[in-house]
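The chain contents come next:
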Amino acid sequence: MTTAATAKQQKQAAVSRGTRAPAGAEGTAGRRRRLGPTASIAVIASLLISFLAASSAPTPLYAVYQHEWGFSPITTTVVFGVYAVAVLAALLVFGKISDHVGRRPLLFTGLAGQIVSMVVFTTASSVSALMIARVIQGVATGVAFGAIGAGLLDVDRRRGAVANSFAPPLGTASGALAAGLVVQFLPAPTHLVYLLLLGVFALQAVGVALLPETVTRKPGALASMKPEIKLPRAARKPVAIAAPVLFAVWALAGFYGSLGPAITRTLVHSDSVVYGGLALFVLAASAALSALVLRDAPTRTVMSLGVATLVAGVALTLLSIGSGGGGALSVTGFFVGGAIAGFGFGAGFQGGIRLVVPLVEPHERAGVLSLLYVVSYLGMGVPAVIGGVLVVHGGGLLDTVREYGAAVIVLAAAALAGLLLSGRRVPQAVREG
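These remarks concern the structure in this document. (Residues numbered from 1 in each chain as written. Predicted model: local features only at pLDDT ≥ 70, side-chain atom pairs only at ≥ 80, totals over all residues. Heavy atoms only, no water.)

1. Side note on the overall build of the protein
The condition is simple: Secondary structure is summarised from DSSP: a helix means a run of H or I of at least four residues, a strand means a run of E of at least two, and numbering begins at the N terminus for each. Per-residue accessibility, obtained with a 1.4 Å probe over protein chains only, is compared with the maximum for each type, and a residue is labelled buried under 20%, exposed over 50%, and partly exposed between these values. Only heavy atoms enter the contact rule, under which two residues are in contact if any of them lie within 4.5 Å. Shrake-Rupley sampling with a 1.4 Å probe provides the accessible areas, and residues are treated as covered by the protein chains on show and by no other component.
Regarding its fold elements, the protein presents 19 helices and zero strands. Counting across all 433 residues of the protein, residues that qualify as buried make up 55%. Here the contacts in the protein between residues at least 6 apart in sequence split such that 86% fall between residues at least 24 apart. Of the roughly 16800 Å² that the protein leaves accessible, carbon and sulfur atoms contribute 68%.

Take a look at the structure:
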């Protein structure tokens, strides 16, 4: 039997199982045209980084838009919130489709949407245009997220799991800080950062074209677009344990993403846009660090440490803010608290992913990961919008910050209690990470 015939039979068998094609199924010529495992992980992880960098890039610019267009703080949080809603909608509709049509088509679609959103951002001259750009960006992110996360695990489950935990906070951190620096020190502040990101997305499209496809097509693509909460039986209990933790840690991300710039400007008494993105950068950079430091620790230890650290960091943050008068001690405590809370954010997010992923079959990965992102973005978007309403119609910025921070602490404490009480029900393989 020839090599070509054997490869064809292997590929047909993979199609019938709905799993990835075995190595060699594309033939020698196909392998020469595609990237290897390490390069593939680098390309796919770079998509997570750039997509999250693009999502946080507008954060330092909100003050600029507010000054130019004269909108209220509630508008800022609504603009922030519509992105999360768009991501959620796209995840619910497109989250599982890459398990049927392949990873690469969804990656290309997500990149195309990001490029369109960058064009709209660049030409935006009103709040409505800004919201349209955020909706397009959110849909593009939601379309691609399931395929990105599953694609990383397809290539290498261990390294892919680390990349799934490390890349999102790294992207959030780099986007917030880079945008602040560009706006502060380079010309065309509301245009250049988006043009730079547009160039990044165009280069990544070339990288995606060179990726090997890890999933063979199977029927059911249209049916998979029907929004439904459907979990494999083996993953149901771990998801029930992980979901409260993911909601709590991403509520913290929403706190820093929506109210962080205003808090920082109040404490440091400066209108510099660099400070507007600095709080989110500190949080996300610390989260990325935790993903590397704790990558070999047991899963339950990672989650418990993450939630406990988050509570401690938020408590220090609220204590440092005090009356909002600022000063060196207050500012230092605010950023130290953000770093501690960020470490908890990263650990909690990493632990939640690691608790569930080992129990999921390859052809179920995109759908389950999309569900975890749905929980995460609900945690990020809903409290942020409520916070914006309270800033305008409640007790103002400082009271809202205290109430939001207290709510995050309560959520995290409840998640930690549930995690500790459920320990014996978690499968041993997952408990050991």
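2. Observations regarding the packing of helix 3 (residues 37-56) against helix 10 (residues 192-209)
Formally: Axis definition: a line fitted to C-alpha atoms, over the contacting stretch in the case of helices. Angles run 0 to 180 degrees between N-to-C directions. If an angle is under 35 degrees, it is roughly parallel; if it is over 145, roughly antiparallel; if it lies from 65 to 115, roughly perpendicular; otherwise it is oblique. For any pair of crossing helices, the crossing counts as left-handed if the nearer helix is rotated counterclockwise from the farther one by less than a right angle, and right-handed if it is rotated clockwise.
With their axes 10 Å apart at the nearest point, helix 3 and helix 10 run at an angle of 160° to one another. It follows from the interaxial angle that helix 3 and helix 10 lie roughly antiparallel. In this structure, helix 3 meets helix 10 at a crossing whose hand is left-handed. When helix 3 is examined against helix 10, the residues Val43, Ser46, Leu47, Ser50, Phe51 and Ala54 are found in contact with a partner set consisting of Leu197, Val200, Phe201, Gln204, Gly207 and Val208.

3. Quick notes on helix 18 (residues 397-421)
To be explicit about the condition: An expected span of 1.5 Å times one less than the residue number is assigned to each helix.
Spanning 25 residues, helix 18 covers 36 Å between terminal C-alpha atoms, matching the ideal 36 Å at 1.5 Å per step. Residues of helix 18 that are buried include every one of Leu397, Thr400, Val401, Tyr404, Gly405, Val408, Ala412, Ala415 and Leu419, and no others.

4. As for the nonpolar core
We count it as follows: Grouping buried Ala, Val, Leu, Ile, Met, Phe, Trp, Tyr and Cys residues that are joined through side-chain atoms within 4.5 Å yields what is termed a nonpolar core.
Counting residues in each nonpolar core, the largest one holds 116 residues, and the members touching the most others are Phe51, Phe145, Ile148, Leu252, Ile263, Val356 and Tyr377. The element best represented in this core is helix 12 (residues 236-258), accounting for 14 residues. When neighbours within four sequence positions are excluded, leucine 252 is seen to be in contact with Leu283, Leu310, Val314, Ala341, Phe345 and Val408.

5. Overview of the packing of helix 8 (residues 127-155) against helix 9 (residues 157-185)
Condition: For this classification, the nonpolar set comprises Ala, Val, Leu, Ile, Met, Phe, Trp, Tyr, Cys and Pro, the charged set comprises Asp, Glu, Lys and Arg, and every other residue, Gly included, is treated as polar.
The N-to-C vectors of helix 8 and helix 9 enclose an angle of 150°; their axes lie 6 Å apart at closest approach. The pairing of helix 8 with helix 9 is recorded here as roughly antiparallel in orientation. Relative to helix 9, helix 8 is oriented so that their crossing is right-handed. Contact with helix 8, carried on its side by Gly149, Leu152, Leu153 and Val155, involves Arg157, Gly160, Ala161, Ala163 and Asn164 of helix 9 and no other residues of that element. A class-by-class count of the residues in the contact of helix 8 with helix 9 yields five nonpolar, three polar and one charged.

6. Let's talk about the packing of aromatic side chains
Pairs of aromatic rings are described using the distance from one ring centre to the other and the angle between the two planes. To keep it simple, the criterion reads: Here the aromatic set is Phe, Tyr and Trp, taking the six-membered ring for Trp, and pairing holds for ring centres within 6.5 Å; pairs whose planes are under 30 degrees apart are stacked, those over 60 apart are edge-to-face, and all others are tilted.
Using the criterion set out here, one finds eight aromatic pairs in the structure. Between tyrosine 65 and tryptophan 69, the aromatic rings sit 4.8 Å apart at their centres with planes inclined by 20°, giving stacked as the arrangement. Residue tyrosine 65 and its partner tryptophan 69 are located together in helix 4 (residues 62-69), separated by four residues, close to a single helical turn. Taking relative accessible area as the criterion, tyrosine 65 reaches 1% and is therefore assigned buried. Measuring from ring centre to ring centre gives 5.3 Å for phenylalanine 334 and phenylalanine 335, while their planes differ by 70°; the resulting arrangement is edge-to-face. There is no split in this pair, since phenylalanine 334 and phenylalanine 335 are both buried. Among the aromatic residues, those joined into a ring-pair cluster are Phe145, Trp250, Phe345, Phe349 and Tyr373.

So far we have only geometry, and geometry alone does not tell us how the molecule works.
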